[in-house]
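# Structural characterization, general
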Amino acid sequence: MSKALNFINPDELSMQCILIALNRFLQEKHGSKMAFLDGNPPERLCLPIVEHIQSLGGEVRLNSRVQKIELNDDGTVKNFLLTNGNVIDGDAYVFATPVDILKLQLPENWKEMAYFKRLEKLVGVPVINIHIWFDRKLKNTYDHLLFSRSPLLSVYADMSLTCKEYYNPNQSMLELVFAPAEEWISCSDSEIIDATMKELAKLFPDEISADQSKAKIVKYHVVKTPRSVYKTIPNCEPCRPLQRSPVEGFYLAGDYTKQKYLASMEGAVLSGKLCAQAIVQDYVLLAARGKGRLAEASMC
């Protein structure tokens, strides 16, 4: 359970995380319900979000990394300078990235502020996601997310059963979370697949062998994320910031910010909603700030 929640072993994990998760499962009607996208995330999750933003007049720019947060004399955000030289001006600025990226981009003027200084304890956890297509249908898999007893594999699912896009009555496609991954993140894909097959041979002794003398790999894909969700270790909870920062017009979103779903995709989504609520609550202040900037520009 600790590996499924945070990709680390239980001797590292804060037990507060386990207690909160169990409490959610018990108190919320669908707290323990598992769900899968019916296709690949870029098309079934990201694209609809982009289309919705564009339908409301918004714009989504890809390959537009922030190089620097430039500040006004009063310490508020002047603009975002991108690596391609473009400048982004706005009435409100939201930094919706993993905490490690935020810490790299923090202006020097902000680093000693208590709100940002507490972020030093928050770090991302490395994780590896593995997709393996086999030449046959595995018999001992189910239409569900499965928890593994392996020391290397956290959770897995046969996507040929659980996901509409990958449905195949004749061949299985396993998607697995390889964790803890800190000692493996620098290894080659082939080394990771070899280790995975050895573990799968223990989980499916009648159907899979490490040397592929039984089920054979048709193809595989290894996705490494050196810094994913924040590491939920003891005493990190007080370090998680609210979405509204003490810097006027600057907001944060991400699983590491304060929200009830801890280190998870669901937590990241909820943090975005809380961030949006904070901006709406600050609308009058932000609008006045925007008018003030326009007035200053016209005087110049």
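Read on for an overview of the structure. (Residues numbered from 1 in each chain as written. Predicted model: local features only at pLDDT ≥ 70, side-chain atom pairs only at ≥ 80, totals over all residues. Heavy atoms only, no water.)

Take the overall build of the protein next. For the protein, the count of helices and strands is nine helices and ten strands. Along the three orthogonal principal directions, the C-alpha set of the protein runs to about 80 × 40 × 40 Å. Counting every position in the protein, which comprises 300 residues, the buried fraction comes to 39%. Surface accessibility of the protein: about 17300 Å² in total, with carbon and sulfur atoms responsible for 56%. Charge-centre separation for the protein: the mean point of 35 positive side chains lies 3 Å from the mean point of 36 negative side chains. (Helix = DSSP H or I, 4+ residues; strand = E, 2+ residues; numbered from the N terminus. Buried < 20%, exposed > 50% of the residue type's maximum accessible area, 1.4 Å probe, protein only. Areas by Shrake-Rupley, 256 points an atom, 1.4 Å probe, with all protein chains shown as cover. Lys, Arg positive; Asp, Glu negative; His and termini not counted. Charge placed at Lys NZ, Arg CZ, Asp CG, Glu CD.)

Okay, the side chain of Glu237 next. Of note, Glu237 is situated in the loop between β9 (217-225) and β10 (250-253). The class for Glu237 is buried, based on a relative accessible area of 19%. Reaching out from Glu237, the side chain makes a polar contact with the side chain of Arg240 at a distance of 3.0 Å. Not counting the four nearest positions on each side in its chain, Glu237 is found in contact with Gln16, Tyr230, Lys258 and Leu262. (Polar contact = N/O pair within 3.5 Å; in protein donor to acceptor, adjacent residues only side chain to side chain. Contact = heavy atoms within 4.5 Å.)

With that settled, consider helix α8 (residues 265-281). With 17 residues, α8 should reach 24 Å at 1.5 Å per residue; the first-to-last C-alpha distance of 25 Å fits that figure. On its buried face, α8 sits against β4 (93-96) and β10. (Expected span 1.5 Å × (residues − 1).)

Next up on the list: the sheet that holds strand β5 (residues 127-134). Taken in spatial order, the five strands of this open sheet run β6-β7-β8-β5-β9, and their pairing is antiparallel. Whereas interior strands pair on both sides, the edge strands pair on one side only; in this sheet they are β6 (146-147) and β9. Both β5 and β9 contribute to a ladder of eight bridges, which runs antiparallel. By the bridge assignment for β9, Ile130 is matched with Val222. (Pairing = 2+ DSSP bridges.)

A few words now on unusual backbone geometry. A cis amide bond, omega 0 degrees, links Ala179 with the succeeding residue Pro180. Inspection of the secondary structure puts Pro180 in the loop between β8 (173-178) and α7 (189-203). The phi torsion at Phe7 lies on the positive side, around 60 degrees, for a residue other than glycine. With respect to the helices, strands and loops of the structure, Phe7 is situated in the loop between α1 (2-6) and α2 (15-27). The buried category is assigned to Phe7, whose relative accessible area is 16%. Residue Gln212 is not a glycine yet carries a positive backbone phi of 60 degrees. Looking at where Gln212 falls in the secondary structure, it is placed in the loop between α7 and β9. On the accessibility criterion, Gln212 (27% relative accessible area) is partly exposed.

Our next topic: the pairing of strand β7 (residues 153-158). The side chains of a regular strand alternate between the sheet's two faces. Within β7, six of the six residues are buried, which leaves the element mostly enclosed by the surrounding structure. Relative to β7, β6 runs antiparallel, the two being bridged by two bridges. Along β7, the bridge assignment pairs Leu146 with Tyr156. The antiparallel hairpin formed by β6 and β7 contains five residues in its connecting segment. In this sheet, β8 lies alongside β7 in antiparallel orientation, the contact comprising four bridges. When the bridges of β8 are listed, Tyr156 appears paired with Leu176.

What follows is about the sheet that holds strand β3 (residues 87-88). What the three strands build is an open sheet, ordered β1-β2-β3; its pairing is antiparallel. Since the sheet does not close on itself, it has two edges, and those belong to β1 (66-71) and β3, each with one partner. With five bridges connecting them, β1 and strand β2 (residues 77-82) associate as antiparallel partners. Bridge pairing in β2 links Glu70 to Asn79.

In this structure, Phe147 sits in strand β6. Taking the C-alpha atoms as reference points, Phe147 and Leu19, 128 residues apart in sequence, are found 18 Å from one another. Setting aside residues up to four positions removed in sequence, Phe147 forms contacts with Ala4, Met34, Ser154 and Val155.

With that settled, consider the packing of aromatic side chains. Tallied over the full model, the rule gives nine aromatic pairs. Ring centres of Phe80 and Phe95 lie 5.8 Å apart, and the angle between their planes is 85 degrees; on these two criteria the pair is classed as edge-to-face. Of this pair, Phe80 sits in strand β2 while Phe95 sits in strand β4, and the two are 15 residues apart along the sequence. Ring geometry for Phe116 versus Phe250: centroids 6.4 Å apart, planes at 55 degrees, classification tilted. (Phe/Tyr/Trp six-rings, centres within 6.5 Å; stacked < 30°, edge-to-face > 60°.)

Attention now goes to the pattern of salt bridges. On inspection of all chains with the given rule, the structure shows 13 salt bridges. A salt bridge links Lys260 to Glu28; its shortest N-O distance comes to 3.5 Å. In this pair, Lys260 sits in the loop between β10 and α8 while Glu28 sits in the loop between α2 and α3 (41-55), placing the two residues 232 residues apart along the sequence. Look at Lys260 and you get partly exposed, because its relative accessible area is 38%. Residue class for Glu28 comes out partly exposed when judged on its relative accessible area of 24%. Between Glu199 and Lys202 there is a salt bridge, with the nearest N and O atoms lying 3.4 Å from each other. One end of the pair, Glu199, and the other, Lys202, are both in helix α7, three residues apart, so they sit about a helical turn from each other. The exposure class of Glu199 is buried, given its relative accessible area of 8%. Overall, Lys202 belongs to the exposed group, its relative accessible area being 53%. Here the salt bridges do not stand alone but share partners, grouping Glu112, Lys117 and Glu120 into one network. (Salt bridge = Lys/Arg side-chain N within 4 Å of Asp/Glu carboxyl O.)

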